[in-house]
Amino acid sequence: MAPVIEARGLTHEYPDGTTAIRDVDLTVDRGERVAVVGANGSGKSTLQLALGGLVEPTAGAVTYFGETSDAEAVRDRLGVLLQDPDDYLFNTTVREDIEYGPAQLGQPRETARRRVDALAAELGLEDLLDRPPFRLSGGEKQRAAVASVLAFDPEVLLLDEPFGAVDARYRERIRESVTDRDGTLLWFTPSLDAVPEVAERVVLVSRNGSIAADGPVREILTDRTLLRDHGLRPPATVRLFEGLVEREKLPLTVEAARRYLRRDE
Amino acid sequence: MTGALARTVESISGALRAVFAAEQVAAEDGFLQGRDPRVTLLSLGGFALAVMLARTPAVSLGLGVVTVALALLSSVPLRELLARSAVVPAAAAVVVLPQAVLLPGDALASVLGVAVTDAGVAYVVRFTLRVWVGVALLSLLTVTTPFSALVAAMRELRVPVALVWVLAVTYRYLFLFFDELQRLVLARDSRTTDSAGARSEWRDAKRLAGTFLLRTLDRGERVGRGMRARGGARPPSPYGRPRAVDGYDYALSACAVAAVVGAGVVRWLP
Ligand SMILES: Nc1ncnc2c1ncn2[C@@H]1O[C@H](COP(=O)(O)OP(=O)(O)OP(=O)(O)O)[C@@H](O)[C@H]1O
Ligand SMILES: [Mg+2]
């Protein structure tokens, strides 16, 4: 089956001359869950926009579903969630915002209505549906934005740091909502702690906007030197158990660490 | 003195939101909220057209009374509606004020040696009144009907897509504009002490103006991407809020037609 996203030599230079991403080759297959990680300013958001067809690449191209290089032709299959929810929510009420995507993409009204209600329940937005988005708290805005991208049920999700300001309970809900689907997921984040729970593959973006490493979660998240060279550090559990346990057994999540300790007793 | 600038921006953006954004009112049950959005759009548009046609204060006043009645029937707080929609006519009044002395007529009084004429004053009053009623009607429309429902109604009424598009985008960017300004002023205020004098306030205002332009353009671009990501490159097509058209809808439409015809007759008949 053709890859969902195939980027070749993707480069983007902003008008002021900043080259934010450089010669990126990236292939994502159907159903893959990929975390794109990198330091602040490394170019994750720019890469997300370029992959989502929302900025014109200066060089290179992206092929979607092996069919087309025109993102607008597959707009209803790509769910691109921008980093700042204020850029994403612009309707007069939260409900209108969540309905905006399904309506623009021509989905039936009834389907949309049902999905809005289900998402509102899942992400705790029931009481906020008739409020204007600009009156919400930071975390509430982020939840509303996540609901807005999930509303039209895209095949591929490209989420830029979707839970920066979200509290623990809803982080868990968001994580479940995006991993329990059959679709493909690209999760862009500068913080590695949640990565093992969402992704199975990690793409590391270096400070100059090129891809420094691409591999299974364990391989990359346990490579302290590689991560340090790119302004990151391993998840807390890895740091805790480093040197005490051989690398293949390093627990990546708190759950895994607990299991490991239990077994050791 | 940091307050002056911040307060101005706050009150302008607050007023704009109150005039043009359906906060809670649209959700409440009321006369206009219960109408089919197409009927509300056409009828209030009709009344506004009548206001534009009117040249006699009595007709403008009559339409003002209609506006007040509709607001009361729709549980829109009257005082707020009038106070907030007063911002635009107040500005308009300042613009046409010179007409009070420029139009020839009987002198009513003399200000600094210049005669204020009766025709001049009548003109200013008429003009301001018309603008006020017009803006109040527009405000009534947007606070009683969700914006997406209005856009859907326009599409159903076969208003040209390009026009709907422009209206939808303008509406959104209007808020964006003031939102950005408010953020910028807030950011500045949070780092300025109260003791800064009027001079530094002015200097800051000039610098802010430059930054503001760049920031608004940038933000506009990013919001544009957010829209495009969700199919915003296609013609606006929100879900409508269709309702069964009932007797009240017909009655309201009939009143609007009567108002337009009446205003036209009064204006053009000798
Ligand atoms: N509109 C712009 N114009 C010029 N340069 C920009 C623009 N947006 C971003 N940049 C620059 O491009 C580079 C990559 O930015 P980008 O936002 O993609 O980084 P990021 O990896 O998402 O960072 P973060 O983790 O902070 O979100 C940075 O050096 C940034 O300063
Ligand atoms: Mg970013």
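Everything numeric in this text was worked out from a predicted model, so none of it was measured.

From N to C terminus, chain B includes eleven helices and two strands. Considering only residue pairs separated by 6 or more positions, chain B has 80% of its internal contacts joining residues 24 or more positions apart. For chain B, the accessible area works out to roughly 14000 Å², and carbon and sulfur atoms hold 70% of it.

One pair of aromatic rings is described through two measures. These are the centre distance and the angle between the planes. Within this structure, the stated rule accounts for six aromatic pairs over all chains. Here Phe-241 of chain A and Tyr-260 of chain A contribute two aromatic rings whose centre-to-centre distance is 5.7 Å and whose plane-to-plane angle is 80°, an arrangement assigned as edge-to-face. Within this pair, whereas Phe-241 of chain A is found in helix α10 (residues 236–241), its partner Tyr-260 of chain A is found in helix α11 (residues 254–264), the two being separated by 19 residues in sequence. Per residue, the accessibility class of Phe-241 of chain A equals that of Tyr-260 of chain A, and both read buried. The ring of Phe-31 of chain B carries the charged tip of Arg-35 of chain B above its face, separated from the ring centre by 4.8 Å.

Residue and element names in this part refer to chain B. Side chains of Val-257, Val-261, Val-265 and Leu-269 sit close together on the surface and give an oily, nonpolar patch of about 350 Å² of accessible area. One can find Leu-269 in the segment after α11 (247–268). A relative accessible area of 56% means that Leu-269 is categorised as exposed.

Here we come to the sheet that holds strand β1 (residues 5–13) of chain A. All names here are of chain A. Ordered by their spatial adjacency, three strands build an open sheet running β2-β1-β4, and the pairing between neighbours is antiparallel. Because the sheet does not close on itself, it has two edges, and the strands there are β2 (19–28) and β4 (59–64). Averaged over all adjacent pairs, the angle separating strand axes in this sheet is 15°, with direction ignored. Pairing of β1 with β2, which is carried by six bridges, proceeds in the antiparallel orientation. Its bridge partner lying in β2, Glu-6 is registered against Thr-27.

In this section: the coordination of the magnesium ion (ligand 2). All names here are of chain A. Those donors, Ser-45 (OG) and Gln-83 (OE1), are the protein atoms that reach the magnesium ion (ligand 2), and they lie 1.9 to 2.2 Å from it. Residue Ser-45 is found in helix α1 (residues 44–51), and its partner Gln-83 is found in the loop between β5 (78–81) and α2 (85–88); the two are separated by 38 residues along the sequence. What makes Gln-83 partly exposed here is its relative accessible area of 43%.

Below, the discussion takes up the packing of helix α2 (residues 37–53) of chain B against helix α3 (residues 57–73) of chain B. Residue and element names in this part refer to chain B. Interhelical geometry of α2 versus α3 gives an angle of 155° and a closest axis separation of 10 Å. Our classification of the angle between α2 and α3 gives roughly antiparallel. Here α2 and α3 pass one another in a crossing that is left-handed. Every residue of α3 that contacts α2 at Leu-44, Phe-47, Ala-50 and Val-51 is listed here: Leu-63, Val-66 and Leu-70. In terms of residue class, the contact of α2 with α3 is built from seven nonpolar, no polar and no charged.

Time to look at the interface of chain A and chain B. Facing the 38 residues of chain A at the interface are 30 residues of chain B. Where chain A packs against chain B, one counts four salt bridges. Among the salt bridges present, the one from Asp-97 of chain A reaches Arg-230 of chain B, with a minimum N-O distance of 3.1 Å. Elements with a minimum of two residues in the side of chain A that touches chain B: β5, α2, α3 (94–104) and α4 (109–122) of chain A. Per-element tally for the side of chain A that touches chain B: the top contributor is α3 of chain A, with eight residues.

The next point concerns the UniProt feature "transmembrane region" (unreviewed entry) in chain B. All names here are of chain B. On the UniProt side, "transmembrane region" (unreviewed entry) is annotated at positions that read residues 47–74, 81–101, 107–125, 132–153, 159–178 and 250–269 here. The span residues 47–74 shows a helical share of 86% and a strand share of 0%, and its end C-alpha atoms are spaced 16 Å apart. From the first C-alpha to the last, residues 159–178 spans 28 Å; its make-up is 90% helix and 0% strand.

Another aspect to go through is the pairing of strand β9 (residues 211–216) of chain A. Residues and elements named next belong to chain A. Pairing of strand β8 (residues 201–205) with β9, which is carried by five bridges, proceeds in the antiparallel orientation. Bridge assignment links Leu-204 to a residue of β9, and that residue is Ala-213. Counted along the chain from β8 to the antiparallel partner β9, the turn is five residues long, and its residue Gly-209 has a positive phi close to 85°.

Another point: the pattern of salt bridges. Going through the model one piece at a time under the given rule, you end up with 26 salt bridges over all chains. We note a salt bridge from Arg-8 of chain A to Asp-25 of chain A, for which the minimum N-O separation is 3.9 Å. Of the two residues, Arg-8 of chain A sits in strand β1 while Asp-25 of chain A sits in strand β2, which places them 17 residues apart along the sequence. Given a relative accessible area of 41%, Arg-8 of chain A falls into the partly exposed group. Between Asp-87 of chain A and Arg-219 of chain B there is a salt bridge whose closest N-O contact spans 3.4 Å. Pair noted here: Asp-87 of chain A is in helix α2 and Arg-219 of chain B is in helix α10 (residues 198–229), and the two residues belong to different chains. Considered together, Asp-87 of chain A and Arg-219 of chain B belong to a single accessibility category, that of buried residues. Here the salt bridges do not stand alone but share partners, grouping Arg-30, Glu-67, Arg-77 and Glu-155 of chain A into one network.

What counts and how
- Residue indices begin from 1 for each chain and proceed along its sequence in written order.
- Each chain gets a letter, beginning with A, and each ligand a number, beginning with 1, in the order they are written.
- Whole-chain, interface and lining totals are the exception, using all residues; otherwise, since this is a predicted model, local features are given only for residues with pLDDT of at least 70 and side-chain atom pairs are given and counted only at 80 or more.
- Where side-chain values are given, they derive from all heavy atoms of the structure, hydrogens and water being excluded.
- Numbering of helices and strands runs from the N terminus; a helix is a DSSP stretch of H or I covering at least four residues, while a strand is a stretch of E covering at least two.
- By definition, residues are in contact when any of their heavy atoms lie within 4.5 Å.
- Here the accessible surface of atoms and residues is derived via Shrake-Rupley with a 1.4 Å probe, and residues count as covered only by protein chains that are part of the display.
- Aromatic rings from Phe, Tyr and Trp, with only the six-membered ring used for Trp, were paired whenever their centres fell within 6.5 Å, and each pair was classed as stacked if the ring planes differed by under 30 degrees, edge-to-face if by over 60, and tilted otherwise.
- Each residue's exposure class comes from its accessible area (1.4 Å probe, protein chains only) as a fraction of the maximum for that residue type: buried when under 20%, exposed when over 50%, partly exposed otherwise.
- In this scheme, the term charge over a ring applies when either NZ of a lysine or CZ of an arginine sits within 6 Å of the ring centre and within 35 degrees of the ring normal.
- Grouping into patches uses exposed residues only, defined as over 30% relative accessible area, and leaves out salt-bridged ones; the cut-off is 9 Å for like charges and 5 Å for nonpolar side chains (Val, Leu, Ile, Met, Phe, Trp, Tyr).
- What makes a salt bridge here is a side-chain nitrogen of Lys or Arg within 4 Å of a carboxyl oxygen of Asp or Glu, nothing more.
- Two strands pair under a simple rule: DSSP has to find at least two bridges between them.
- An axis is simply a line fitted to the C-alpha atoms; with a helix, the fit covers only the stretch in contact. Between two such axes, the angle follows the N-to-C directions and lies from 0 to 180 degrees.
- Counted as donors are N, O and S atoms no farther than 2.8 Å from the metal, or 3.2 Å for Na, K and Ca; water is not among the atoms, and sites may therefore look incomplete.
- What sets the label is the angle itself: under 35 degrees gives roughly parallel, over 145 gives roughly antiparallel, 65 to 115 gives roughly perpendicular, and the rest give oblique.
- By definition, turning the near helix anticlockwise from the far helix through less than a right angle yields a left-handed crossing, and turning it clockwise yields a right-handed one.
- Gly counts as polar in this scheme, as do all residues outside two lists: the nonpolar Ala, Val, Leu, Ile, Met, Phe, Trp, Tyr, Cys and Pro, and the charged Asp, Glu, Lys and Arg.
- UniProt positions are given in the numbering used here, feature names are shortened, and annotations may be inferred rather than shown by experiment.

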